[in-house]
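Structural overview
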Amino acid sequence: MAVAPMANDEAANAIRTALFERFGERFAIDPKLTGLDGLAAIAGHRSHRRYAPRAIEPELVRLLCACALSAPSKSDLQQADIIVVGDAAVRAAIVATIPDMPWIMDAPLFLVFAANGARLPLVCKQHGKPFPNDHLDQFFNAAVDAGIVMATFIHAAEAIGLGCCPISAIRDRPQVVGDALRLPSRVIPVAGLCVGWPAQTGEITPRLSLETTLIENGYGDRDITGGIDAYDRRRAELRPYRRQRNVDRWGEVPLYGWSEDKARQYAEPTRTDFGRFVRGKGFCLD
Ligand SMILES: Cc1cc2nc3c(=O)[nH]c(=O)nc-3n(C[C@H](O)[C@H](O)[C@H](O)COP(=O)(O)O)c2cc1C
(Lines give C-alpha, C1' and ligand atoms only; values in the text may rest on other atoms or scores of the structure.)
Protein backbone atom coordinates (compact mmCIF):
# COMPACT_ATOMS: atom_id res chain seq x y z
CA MET A 1 0.00 0.00 0.00
CA ALA A 2 1.63 3.24 -1.13
CA VAL A 3 1.43 6.26 1.13
CA ALA A 4 0.77 9.39 -0.92
CA PRO A 5 1.74 12.65 0.79
CA MET A 6 -1.33 14.47 2.08
CA ALA A 7 -2.20 18.11 1.66
CA ASN A 8 -2.36 19.88 5.03
CA ASP A 9 -6.17 20.19 5.05
CA GLU A 10 -6.55 16.55 4.13
CA ALA A 11 -4.06 15.59 6.87
CA ALA A 12 -5.88 17.72 9.46
CA ASN A 13 -9.14 15.98 8.56
CA ALA A 14 -7.50 12.56 8.74
CA ILE A 15 -6.15 13.36 12.24
CA ARG A 16 -9.53 14.64 13.43
CA THR A 17 -11.33 11.56 12.11
CA ALA A 18 -8.80 9.08 13.53
CA LEU A 19 -8.68 10.70 16.96
CA PHE A 20 -12.45 10.97 17.17
CA GLU A 21 -12.69 7.26 16.53
CA ARG A 22 -9.86 6.60 18.97
CA PHE A 23 -10.94 8.81 21.88
CA GLY A 24 -14.51 9.89 21.11
CA GLU A 25 -13.34 13.51 21.28
CA ARG A 26 -12.94 16.34 18.78
CA PHE A 27 -9.53 18.02 18.56
CA ALA A 28 -8.76 21.48 17.24
CA ILE A 29 -5.92 21.38 14.70
CA ASP A 30 -4.15 24.48 13.46
CA PRO A 31 -3.84 23.92 9.69
CA LYS A 32 -0.79 26.21 9.61
CA LEU A 33 1.24 23.57 11.47
CA THR A 34 3.73 21.77 9.26
CA GLY A 35 4.17 17.99 9.15
CA LEU A 36 0.52 17.18 9.70
CA ASP A 37 0.79 14.18 7.37
CA GLY A 38 3.32 12.64 9.79
CA LEU A 39 0.90 13.25 12.65
CA ALA A 40 -1.94 11.73 10.61
CA ALA A 41 0.08 8.53 10.20
CA ILE A 42 0.64 8.33 13.97
CA ALA A 43 -2.98 9.15 14.82
CA GLY A 44 -4.22 6.52 12.35
CA HIS A 45 -2.03 3.72 13.74
CA ARG A 46 -3.42 0.21 13.74
CA SER A 47 -1.74 -3.16 14.22
CA HIS A 48 -1.77 -5.38 11.13
CA ARG A 49 -1.92 -9.17 11.28
CA ARG A 50 -2.59 -10.00 7.61
CA TYR A 51 0.01 -9.33 4.95
CA ALA A 52 0.22 -9.30 1.16
CA PRO A 53 2.59 -11.91 -0.32
CA ARG A 54 5.26 -9.30 -1.04
CA ALA A 55 8.78 -9.37 0.31
CA ILE A 56 10.49 -6.49 2.10
CA GLU A 57 13.86 -5.86 0.49
CA PRO A 58 16.88 -6.31 2.83
CA GLU A 59 18.10 -2.73 2.16
CA LEU A 60 14.70 -1.44 3.29
CA VAL A 61 14.87 -3.54 6.46
CA ARG A 62 18.32 -2.10 7.17
CA LEU A 63 17.10 1.43 6.52
CA LEU A 64 14.13 1.01 8.90
CA CYS A 65 16.38 -0.52 11.57
CA ALA A 66 18.77 2.43 11.26
CA CYS A 67 15.83 4.85 11.66
CA ALA A 68 14.57 2.87 14.68
CA LEU A 69 18.02 2.82 16.30
CA SER A 70 18.15 6.62 15.87
CA ALA A 71 15.62 6.81 18.74
CA PRO A 72 16.65 8.51 21.99
CA SER A 73 18.52 6.30 24.43
CA LYS A 74 18.82 6.65 28.20
CA SER A 75 22.17 8.39 28.95
CA ASP A 76 23.21 7.48 25.39
CA LEU A 77 23.81 3.98 26.78
CA GLN A 78 22.38 2.34 23.61
CA GLN A 79 21.12 -0.78 25.32
CA ALA A 80 18.65 -1.97 22.67
CA ASP A 81 19.32 -4.45 19.86
CA ILE A 82 17.20 -5.58 16.92
CA ILE A 83 17.39 -9.22 15.85
CA VAL A 84 16.30 -9.89 12.25
CA VAL A 85 14.94 -13.45 12.32
CA GLY A 86 15.61 -14.39 8.69
CA ASP A 87 16.15 -18.10 9.24
CA ALA A 88 12.83 -19.95 8.82
CA ALA A 89 13.93 -22.70 11.25
CA VAL A 90 14.68 -20.16 13.98
CA ARG A 91 11.36 -18.43 13.41
CA ALA A 92 9.56 -21.80 13.44
CA ALA A 93 11.17 -22.64 16.80
CA ILE A 94 9.81 -19.37 18.22
CA VAL A 95 6.38 -19.81 16.61
CA ALA A 96 6.13 -23.32 18.06
CA THR A 97 5.84 -21.65 21.48
CA ILE A 98 2.90 -19.49 20.25
CA PRO A 99 0.54 -21.77 18.29
CA ASP A 100 -2.43 -19.37 18.29
CA MET A 101 -0.78 -16.51 16.36
CA PRO A 102 -0.34 -17.70 12.75
CA TRP A 103 0.48 -14.14 11.61
CA ILE A 104 3.99 -14.57 13.03
CA MET A 105 4.86 -17.22 10.44
CA ASP A 106 2.91 -15.41 7.69
CA ALA A 107 4.69 -12.06 8.07
CA PRO A 108 7.35 -11.36 5.42
CA LEU A 109 9.61 -10.04 8.18
CA PHE A 110 9.95 -10.97 11.84
CA LEU A 111 12.13 -9.02 14.25
CA VAL A 112 12.90 -9.33 17.93
CA PHE A 113 13.69 -6.25 20.00
CA ALA A 114 16.09 -7.10 22.80
CA ALA A 115 17.28 -5.36 25.95
CA ASN A 116 21.07 -5.63 26.01
CA GLY A 117 22.53 -5.15 29.49
CA ALA A 118 25.83 -6.78 28.50
CA ARG A 119 27.62 -3.89 26.77
CA LEU A 120 27.72 -1.56 29.77
CA PRO A 121 29.52 -3.92 32.19
CA LEU A 122 31.81 -4.88 29.29
CA VAL A 123 32.97 -1.29 28.69
CA CYS A 124 33.36 -0.78 32.46
CA LYS A 125 35.62 -3.84 32.52
CA GLN A 126 37.52 -2.73 29.41
CA HIS A 127 38.26 0.61 31.08
CA GLY A 128 39.17 -0.94 34.44
CA LYS A 129 36.15 0.59 36.18
CA PRO A 130 33.82 -0.94 38.77
CA PHE A 131 30.16 -1.49 37.90
CA PRO A 132 28.28 -0.86 41.16
CA ASN A 133 24.99 -0.13 39.38
CA ASP A 134 23.86 -3.64 38.66
CA HIS A 135 20.28 -3.29 39.94
CA LEU A 136 16.69 -3.01 38.74
CA ASP A 137 17.22 0.41 37.13
CA GLN A 138 19.78 -1.09 34.72
CA PHE A 139 17.32 -3.72 33.59
CA PHE A 140 14.58 -1.11 33.36
CA ASN A 141 16.72 1.26 31.24
CA ALA A 142 17.58 -1.47 28.76
CA ALA A 143 13.98 -2.72 28.51
CA VAL A 144 12.61 0.82 28.07
CA ASP A 145 15.21 1.58 25.37
CA ALA A 146 14.15 -1.60 23.52
CA GLY A 147 10.50 -0.52 23.72
CA ILE A 148 11.32 2.95 22.39
CA VAL A 149 13.32 1.46 19.51
CA MET A 150 10.42 -0.84 18.66
CA ALA A 151 7.90 2.03 18.71
CA THR A 152 10.21 4.06 16.48
CA PHE A 153 10.52 1.14 14.08
CA ILE A 154 6.72 0.90 13.91
CA HIS A 155 6.38 4.62 13.11
CA ALA A 156 9.11 4.38 10.47
CA ALA A 157 7.51 1.31 8.90
CA GLU A 158 4.01 2.82 8.97
CA ALA A 159 5.33 6.03 7.38
CA ILE A 160 6.08 4.08 4.20
CA GLY A 161 2.90 2.00 4.26
CA LEU A 162 4.09 -1.14 6.04
CA GLY A 163 1.99 -2.68 8.80
CA CYS A 164 3.28 -4.17 12.06
CA CYS A 165 2.14 -6.28 14.97
CA PRO A 166 4.22 -6.42 18.16
CA ILE A 167 4.43 -9.85 19.80
CA SER A 168 4.98 -10.02 23.55
CA ALA A 169 3.91 -13.67 23.40
CA ILE A 170 7.55 -14.48 22.63
CA ARG A 171 7.97 -14.10 26.40
CA ASP A 172 5.51 -16.96 27.10
CA ARG A 173 8.37 -19.46 26.93
CA PRO A 174 11.41 -17.22 27.12
CA GLN A 175 13.94 -20.01 27.54
CA VAL A 176 12.96 -21.65 24.23
CA VAL A 177 13.07 -18.25 22.49
CA GLY A 178 16.37 -17.39 24.18
CA ASP A 179 17.88 -20.70 23.04
CA ALA A 180 16.55 -20.30 19.46
CA LEU A 181 18.08 -16.81 19.23
CA ARG A 182 21.24 -17.87 21.09
CA LEU A 183 20.84 -14.91 23.42
CA PRO A 184 23.99 -14.30 25.45
CA SER A 185 24.05 -13.49 29.13
CA ARG A 186 22.32 -10.17 30.02
CA VAL A 187 20.32 -10.02 26.77
CA ILE A 188 16.58 -10.65 26.94
CA PRO A 189 13.77 -10.47 24.37
CA VAL A 190 11.35 -7.58 25.01
CA ALA A 191 8.97 -8.16 22.09
CA GLY A 192 8.82 -9.58 18.61
CA LEU A 193 7.46 -7.63 15.65
CA CYS A 194 5.68 -8.93 12.55
CA VAL A 195 6.13 -6.60 9.59
CA GLY A 196 4.57 -6.72 6.14
CA TRP A 197 2.61 -4.88 3.45
CA PRO A 198 -0.95 -4.87 4.84
CA ALA A 199 -3.48 -7.07 3.07
CA GLN A 200 -6.34 -5.09 4.62
CA THR A 201 -6.99 -1.52 5.63
CA GLY A 202 -7.29 -2.54 9.27
CA GLU A 203 -9.23 -0.74 11.97
CA ILE A 204 -8.53 1.86 14.59
CA THR A 205 -8.78 0.52 18.11
CA PRO A 206 -10.46 3.00 20.47
CA ARG A 207 -8.51 3.93 23.59
CA LEU A 208 -9.47 5.05 27.09
CA SER A 209 -10.46 8.71 27.09
CA LEU A 210 -7.81 11.34 27.73
CA GLU A 211 -9.79 12.21 30.86
CA THR A 212 -8.58 8.83 32.17
CA THR A 213 -4.99 8.75 30.90
CA LEU A 214 -3.86 12.36 30.50
CA ILE A 215 -2.90 13.76 33.91
CA GLU A 216 -2.45 17.46 34.64
CA ASN A 217 0.32 17.97 37.18
CA GLY A 218 -0.69 15.32 39.72
CA TYR A 219 -3.21 12.59 40.40
CA GLY A 220 -5.11 13.60 43.55
CA ASP A 221 -8.38 11.81 44.26
CA ARG A 222 -9.71 10.55 40.96
CA ASP A 223 -12.52 8.15 40.30
CA ILE A 224 -11.81 6.51 36.96
CA THR A 225 -14.59 3.94 37.10
CA GLY A 226 -17.02 6.22 35.20
CA GLY A 227 -14.39 6.78 32.48
CA ILE A 228 -13.76 3.05 32.16
CA ASP A 229 -17.48 2.34 31.99
CA ALA A 230 -17.98 4.96 29.26
CA TYR A 231 -15.03 3.48 27.33
CA ASP A 232 -16.47 -0.04 27.64
CA ARG A 233 -19.71 1.19 26.06
CA ARG A 234 -18.02 3.20 23.31
CA ARG A 235 -15.75 0.31 22.47
CA ALA A 236 -18.55 -2.28 22.49
CA GLU A 237 -20.36 -0.06 20.00
CA LEU A 238 -17.39 0.67 17.71
CA ARG A 239 -15.23 -2.45 17.98
CA PRO A 240 -17.15 -5.23 19.78
CA TYR A 241 -15.04 -8.21 20.81
CA ARG A 242 -15.63 -11.13 18.44
CA ARG A 243 -15.84 -13.59 21.30
CA GLN A 244 -15.84 -13.59 25.07
CA ARG A 245 -12.76 -14.94 26.79
CA ASN A 246 -12.88 -18.12 28.89
CA VAL A 247 -16.66 -18.60 28.84
CA ASP A 248 -16.27 -21.96 30.64
CA ARG A 249 -15.00 -20.16 33.73
CA TRP A 250 -16.86 -16.82 33.57
CA GLY A 251 -19.94 -17.43 31.42
CA GLU A 252 -21.33 -14.95 28.88
CA VAL A 253 -22.23 -11.38 29.83
CA PRO A 254 -24.49 -9.02 27.84
CA LEU A 255 -22.04 -6.08 27.79
CA TYR A 256 -18.59 -7.49 27.10
CA GLY A 257 -16.32 -4.46 27.14
CA TRP A 258 -12.61 -3.82 27.43
CA SER A 259 -12.54 -3.99 31.23
CA GLU A 260 -14.32 -7.37 31.34
CA ASP A 261 -11.92 -8.71 28.72
CA LYS A 262 -8.79 -7.46 30.51
CA ALA A 263 -10.08 -8.66 33.89
CA ARG A 264 -10.64 -12.13 32.41
CA GLN A 265 -7.25 -12.08 30.67
CA TYR A 266 -5.43 -11.26 33.89
CA ALA A 267 -7.48 -13.66 36.02
CA GLU A 268 -5.20 -16.37 34.59
CA PRO A 269 -1.54 -16.54 35.64
CA THR A 270 0.80 -15.65 32.78
CA ARG A 271 4.58 -15.50 32.45
CA THR A 272 5.05 -16.28 36.11
CA ASP A 273 8.54 -17.61 35.31
CA PHE A 274 9.72 -14.52 33.43
CA GLY A 275 11.48 -13.01 36.47
CA ARG A 276 13.36 -16.28 36.96
CA PHE A 277 14.40 -16.25 33.28
CA VAL A 278 15.62 -12.62 33.48
CA ARG A 279 17.58 -13.33 36.70
CA GLY A 280 18.95 -16.49 35.09
CA LYS A 281 20.21 -14.33 32.22
CA GLY A 282 22.30 -12.41 34.74
CA PHE A 283 20.18 -9.31 35.43
CA CYS A 284 19.73 -8.18 39.03
CA LEU A 285 16.12 -7.16 39.67
CA ASP A 286 16.55 -5.78 43.23
C1 LIG B 1 4.48 -4.61 23.76
C2 LIG B 1 3.32 -5.13 22.92
C3 LIG B 1 3.11 -6.47 22.85
C4 LIG B 1 2.07 -6.99 22.04
N5 LIG B 1 1.93 -8.35 21.92
C6 LIG B 1 1.03 -8.85 21.05
C7 LIG B 1 0.98 -10.26 20.79
O8 LIG B 1 1.69 -11.05 21.41
N9 LIG B 1 0.11 -10.69 19.86
C10 LIG B 1 -0.70 -9.85 19.14
O11 LIG B 1 -1.46 -10.31 18.29
N12 LIG B 1 -0.69 -8.51 19.37
C13 LIG B 1 0.17 -8.00 20.30
N14 LIG B 1 0.25 -6.63 20.50
C15 LIG B 1 -0.65 -5.74 19.75
C16 LIG B 1 -1.77 -5.23 20.65
O17 LIG B 1 -2.71 -6.25 20.83
C18 LIG B 1 -2.38 -3.98 20.00
O19 LIG B 1 -1.41 -2.95 19.96
C20 LIG B 1 -3.60 -3.50 20.79
O21 LIG B 1 -4.65 -4.45 20.70
C22 LIG B 1 -4.12 -2.16 20.27
O23 LIG B 1 -4.38 -2.25 18.88
P24 LIG B 1 -3.71 -1.26 17.86
O25 LIG B 1 -2.23 -1.45 17.92
O26 LIG B 1 -4.29 -1.63 16.51
O27 LIG B 1 -4.11 0.13 18.27
C28 LIG B 1 1.22 -6.11 21.34
C29 LIG B 1 1.43 -4.72 21.45
C30 LIG B 1 2.47 -4.23 22.22
C31 LIG B 1 2.69 -2.74 22.30
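Just so we're clear, the structure is a prediction, and the values are computed from it rather than from any experiment.

Here we take up the environment of Gly202. Counting through the fold element by element, Gly202 comes out in the loop between strand 4 (187-196) and helix 9 (210-213). On the basis of relative accessible area, Gly202 is assigned to the partly exposed category, the value being 30%. Along the sequence, Gly202 and Pro240 sit 38 residues apart, while their C-alpha atoms lie 15 Å from each other. With residues up to four places along the chain from it excluded, the contact list for Gly202 reads Arg46 and His48.

With that settled, consider the site of the ligand. In the vicinity of the ligand lie 14 residues, with His45, Ser47, Arg49, Pro166 and Ser168 positioned nearest. Contacts to the ligand include His45, whose side-chain N or O atom sits 2.7 Å from an oxygen atom. Considered on its own, the ligand offers 610 Å² of accessible surface; in the complex 67% of this is hidden by protein. The element that contributes the greatest number of residues to the shell around the ligand is strand 3 (residues 163-167), accounting for three residues. Of the residues contributing to the shell around the ligand, the split by class is six nonpolar, four polar and four charged.

This part takes up the side chain of Asp145. Inspection of the secondary structure assignment puts Asp145 in helix 7 (residues 136-159). Buried within the structure, Asp145 lacks any salt-bridge partner; its nearest side chain of opposite charge belongs to Arg119, at an N-O separation of 7.7 Å. One polar contact links Asp145 to Ser73, side chain to side chain, over a distance of 2.8 Å.

Despite not being glycine, Ser75 has its phi angle at roughly 55°, a positive value. Positionally, Ser75 belongs in the loop between helix 3 (58-68) and strand 1 (80-84). In this model, Arg271 sits at a positive phi of 50°, which is unusual for a non-glycine residue. Considering the arrangement of structural elements, one finds Arg271 in the loop between helix 12 (258-265) and helix 13 (274-280). Note on Arg271: relative accessible area 27%, which makes it partly exposed.

It is worth spelling out the sheet that holds strand 3 at this point. Read across the open sheet, the four strands follow the order 1-2-4-3; overall the sheet is antiparallel. Edge strands, defined here as strands with exactly one partner in the open sheet, are strand 1 and strand 3. Strand-to-strand twist in this sheet, taken as the mean axis angle between neighbours without regard to direction, amounts to 25°. Alignment of strand 1 against strand 2 (residues 109-116), held across five bridges, turns out to be antiparallel. In the sheet register, Ile82 faces strand 2, and the bridge partner there is Phe113. Contacting strand 1, strand 2, strand 3 and strand 4, helix 7 crosses the sheet at an angle of about 155° to strand 2.

Further remarks concern the nonpolar core. Counting residues in each nonpolar core, the largest one holds 36 residues, and the members touching the most others are Phe153, Ile188, Leu193 and Val195. Contributing elements (two or more residues each) for this core: helix 3, strand 1, strand 2, helix 7, strand 4 and helix 13. Contacts of Val195, omitting those with residues within four sequence positions, involve Tyr51, Ile56, Ala107, Pro108, Leu109, Leu111, Phe153, Leu162, Gly163 and Cys164. One finds Tyr51, Val95, Ile104 and Leu183 within the second-largest nonpolar core, a separate group that totals 20 residues.

This paragraph deals with a nonpolar patch on the surface. Together, Phe140, Val144 and Ile148 give the surface a local cluster of nonpolar side chains, amounting to about 240 Å² of exposed area. Mapped onto the fold, Ile148 is located in helix 7. Classification of Ile148 as partly exposed rests on a relative accessible area of 31%.

Note that Pro53 resides in the loop between helix 2 (36-43) and helix 3. Since its relative accessible area comes to 89%, Pro53 is described here as exposed. In sequence terms Pro53 and Ala107 are 54 residues apart; their C-alpha atoms lie 8.7 Å from each other.

Cut-off values and rules
- Residues numbered from 1 in each chain as written.
- Predicted model: local features only at pLDDT ≥ 70, side-chain atom pairs only at ≥ 80, totals over all residues.
- Heavy atoms only, no water.
- Helix = DSSP H or I, 4+ residues; strand = E, 2+ residues; numbered from the N terminus.
- Buried < 20%, exposed > 50% of the residue type's maximum accessible area, 1.4 Å probe, protein only.
- Contact = heavy atoms within 4.5 Å.
- Near = heavy atom within 4 Å.
- Polar contact = N/O pair within 3.5 Å; in protein donor to acceptor, adjacent residues only side chain to side chain.
- Areas by Shrake-Rupley, 256 points an atom, 1.4 Å probe, with all protein chains shown as cover.
- Nonpolar A, V, L, I, M, F, W, Y, C, P; charged D, E, K, R; others polar.
- Lys, Arg positive; Asp, Glu negative; His and termini not counted.
- Salt bridge = Lys/Arg side-chain N within 4 Å of Asp/Glu carboxyl O.
- Pairing = 2+ DSSP bridges.
- Axes fitted to C-alpha atoms, helices over the stretch in contact; angles between N-to-C directions.
- Core = buried A, V, L, I, M, F, W, Y, C linked by side-chain atoms within 4.5 Å.
- Patch = residues over 30% accessible without salt bridge, like charges linked within 9 Å, V, L, I, M, F, W, Y side chains within 5 Å.

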